[in-house]
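Tertiary structure, described
Below are the chains, spelled out letter by letter.
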Amino acid sequence: MTTRIDARFAELAKQGRSAFVTFLMAGDPDPKTSLDIIKALPKAGADIIEIGMPFTDPMADGPSIQAAGLRALKAGMTLKKTLEMVRGFRKDDDATPLVLMGYYNPIYIYGVDKFLADAKAAGVDGLIIVDLPPEEDTELCLPAMKAGLNFIRLATPTTDDKRLPAVLANTSGFVYYVSITGITGAATADSTVVGDAVARIKRHTKLPVCVGFGIRTPQAARAIAGKADGAVVGTALVDALRDSLDTTGQATTKTVAAVADLVASLAQGVRGAKQAAE
Amino acid sequence: MNPNLPNSLRTGPDERGHFGIFGGRFVAETLMPLILDLEKAYADAKADPAFQAEMNGYLKNYVGRPSPLYLAERLTEHLGGAKIYFKREELNHTGSHKVNNVLGQIMVARRMGKKRIIAETGAGQHGVATATLCARFGLECVVYMGAVDVERQQPNVIRMEMLGAKVVPVQSGSRTLKDAMNDALRDWVTNVHNTFYCIGTVAGPHPYPMMVRDFQSVIGDETRKQMQEAEGRLPDSLIACIGGGSNAMGLFHPFLDDPSVEIFGVEAAGHGLTQLHAASIAGGRAGVLHGNRTYLLMDDDGQIQDAHSISAGLDYPGIGPEHSWLHETGRVAYLSATDDEALAAFQLLSRLEGIIPALEPAHAIAKVMELAPKRPKDHLMVVNLSGRGDKDVPQVGDILKGKKK
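Let me begin by describing the structure that accompanies this report. (Residues numbered from 1 in each chain as written. Chains lettered and ligands numbered in written order. Predicted model: local features only at pLDDT ≥ 70, side-chain atom pairs only at ≥ 80, totals over all residues. Heavy atoms only, no water.)

**Considerations on the interface of chain A and chain B**
Rule in force here: The contact criterion used throughout is that any non-hydrogen atoms of two residues lie within 4.5 Å. A simple way to read buried area is as the amount of 1.4 Å-probe accessible surface that goes missing from two parts once joined, with both sides added. What makes a salt bridge here is a side-chain nitrogen of Lys or Arg within 4 Å of a carboxyl oxygen of Asp or Glu, nothing more.
In this assembly, 36 residues from chain A lie in contact with 37 residues from chain B. Of the roughly 2,900 Å² buried between chain A and chain B, counting both surfaces, carbon and sulfur atoms make up 52%. Summed over the three residues of chain A that lose the most area to chain B, namely A:D57, A:M59 and A:I109, the buried surface amounts to 20% of that side. Its salt-bridge partner being B:K178, residue A:D57 comes within 2.8 Å of it at the nearest N-O pair.

**Considerations on the packing of aromatic side chains**
Residue and element names in this part refer to chain B. The following threshold applies: Classification of ring pairs uses Phe, Tyr and Trp, with its six-membered ring standing for Trp, and accepts pairs whose centres are within 6.5 Å; under 30 degrees between planes counts as stacked, over 60 as edge-to-face, and the remaining range as tilted. Here the term buried applies to any residue with accessible area under 20% of the maximum for its type, exposed to any over 50%, and partly exposed to those in between, with areas from a 1.4 Å probe on protein chains only. Working rule: Lys NZ or Arg CZ, within 6 Å of ring centre, within 35 degrees of ring normal, means a charge sits over the ring.
Within the structure shown, the criterion is met by 13 aromatic pairs over all chains. Judged by centre distance (5.5 Å) and plane angle (70 degrees), the rings of W188 and Y197 are edge-to-face. Overall, the relative accessible area of 2% leaves W188 in the buried class. Over the face of the ring belonging to Y70 we find R88, whose NZ or CZ atom lies 5.5 Å from the ring centre. We note R136 situated over the ring of F137; from NZ or CZ to the ring centre the distance is 4.8 Å.

**Observations regarding the nonpolar core**
What counts is decided by this rule: In this text, buried Ala, Val, Leu, Ile, Met, Phe, Trp, Tyr and Cys residues form a nonpolar core when linked through side-chain atoms within 4.5 Å.
Core analysis: the biggest nonpolar cluster contains 163 residues, and A:F115, A:L127, A:L140 and A:Y176 have the highest contact counts within it. When neighbours within four sequence positions are excluded, A:Y176 is seen to be in contact with A:E50, A:M101, A:I128, A:I152, A:R153, A:L154, A:A155, A:C210, A:G212, A:F213 and A:V232. Core analysis: the next-biggest nonpolar cluster, separate from the first, contains 31 residues, B:I242, B:A248, B:M249 and B:L326 among them.

**Remarks on helix 4 (residues 98–111) of chain B**
It helps to recall that an α-helix has 3.6 residues per turn; residues three or four apart then point in one direction. All names here are of chain B. To keep it simple, the criterion reads: Each helix is a run of H or I in the DSSP string that is no shorter than four residues. Each strand is a run of E no shorter than two, and both are numbered from the N terminus. Residue count minus one, scaled by 1.5 Å, sets the expected span of a helix.
Taking 1.5 Å per residue as the helical rise, helix 4 with its 14 residues ought to reach 20 Å, and the 20 Å between its terminal C-alpha atoms agrees with that figure. The element helix 4 is extensively covered by neighbouring structure, given that 12 of its 14 residues are classed as buried. Listing the buried residues of helix 4 in full gives K98, V99, N100, N101, V102, L103, G104, Q105, I106, M107, V108 and A109.

Everything listed here is a matter of geometry and, on its own, says nothing about what the molecule does.
Here it is as structure tokens:
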């Protein structure tokens, strides 16, 4: 089975470049603006789009993404509305891969089987669920694979060679390498260390490896994209969005452009990188 | 009791940390290798007689165990029913049951070579116990505490700082215990290489619910022996307050396989179960948070709701997974007491027995006031007096003066 994610990486390999992966929170700062932003991303240069599913208690996220989730929840965002947003995006774009990222509880409460069916029907391609390690694969990972969705696993600096095979076993689409031990937006990744880590993971898998956490600038995106199959930027985009809001936290006429402009400059950085060593 | 129960209720969890459908290991990959290391280190410690001997030495000479089992004669007389005994955990060093668990975890941390200890705290009792043992063993200590709790439990904040701990007021979310736990987990993910997370209750990813229960079971083990000495038989009922549920689990666990013993847990009903409260079993349902599946307060979208209790130690929207399982099996009956009921019990106990309880066990006393009069005079009821009320004196004083509520 080939998903939009597989197709996109195959296409990028032909072009000889790495993927630029963006992360934004669904419903931030409100459902309508959020959809407008997501729709603007492919044109601005995003190759794969990750959409955060807001959660009250995001244990692996730093203050920026925590605040984005709370803005979205305050604006009435729910998991159901996140799936509606995906359907809205798919009306005009059937090629850009969409990955939902978040925590397990809202999915568990929605109902795993119903969620997988609704997500697939809406046009979701993959899932990244922070609090579901391989030890809990029966919860969602195995059912998601069966439903035809990629389950993208996080590998971290603490995932050693002994543990990597277990982490990679049921991973599909790509591997998301978390470049630091820490929460989103906290530290800066060192591209040399990241390069070694990506090489280590690639000894265990043929899947593309994307790197996230700690990438904020076009220079950093270029450096990481030179060492990996993709670079993920989240907090910097969420911060740009936040800085465009008015004093009451509402979207302004600048909000969509603020995000799209930063995406464009980061995408330039990624496109300037040499093809990752295969 | 449910006739379809297993032969023993004391064998859980399974090797993946499950009590029925509850428990598990729902954590970020960064933490997973450490959690597996901890599981192994704890299993090794448990099997090591030297570890047990060393811990027993500290429990006796540093903590002051065994804690007395005290017959509360005036309360018994006042309520006119069951004979009421207090398991006096409030007499432990640091003033609550929390020290039993912290001692055990700090000794495991030392075996693992960890030099930096982090903890979350609600009322501050777990934070104080952690700060105390870190001082005793020369370890760095950082305590996460919701900003709301920092305000209402000032005496404990001052104590922690005197003991050399760094107290970090948590400003995210509802700024109470749940958010303190989120920030402690964020710290742990960041400093995973040198840091041990000392969880204060029977919750979190496996092996914590099991490990904390084991360390707290000294409460029930002693009670069993002491009641045998005092009355020559088992108690007829046990009762304890529940936030995460560690003092309750410590008392209950050694009695789970004694069907003649009725067991009651008391959650915090706050302003009442139809309003803001902290009773996850009475008002919640199964979900996943903080590393485990358990009963949680949440909305229809799976978003966690803010809890409310007058007692900072019970102000948490979840409960330990083993309690969720004991609820579903029917072995333990879970009741709840409101802020007002707890306040009334707090005052009654102070006047009748000369014991100022913490607001947390005041919730258990509130239900004793309901249950004891309906029991015969030869009924032996044990309530876990899990902490002393010194920390609550300023807050309750203000409430009684009508300054705030």
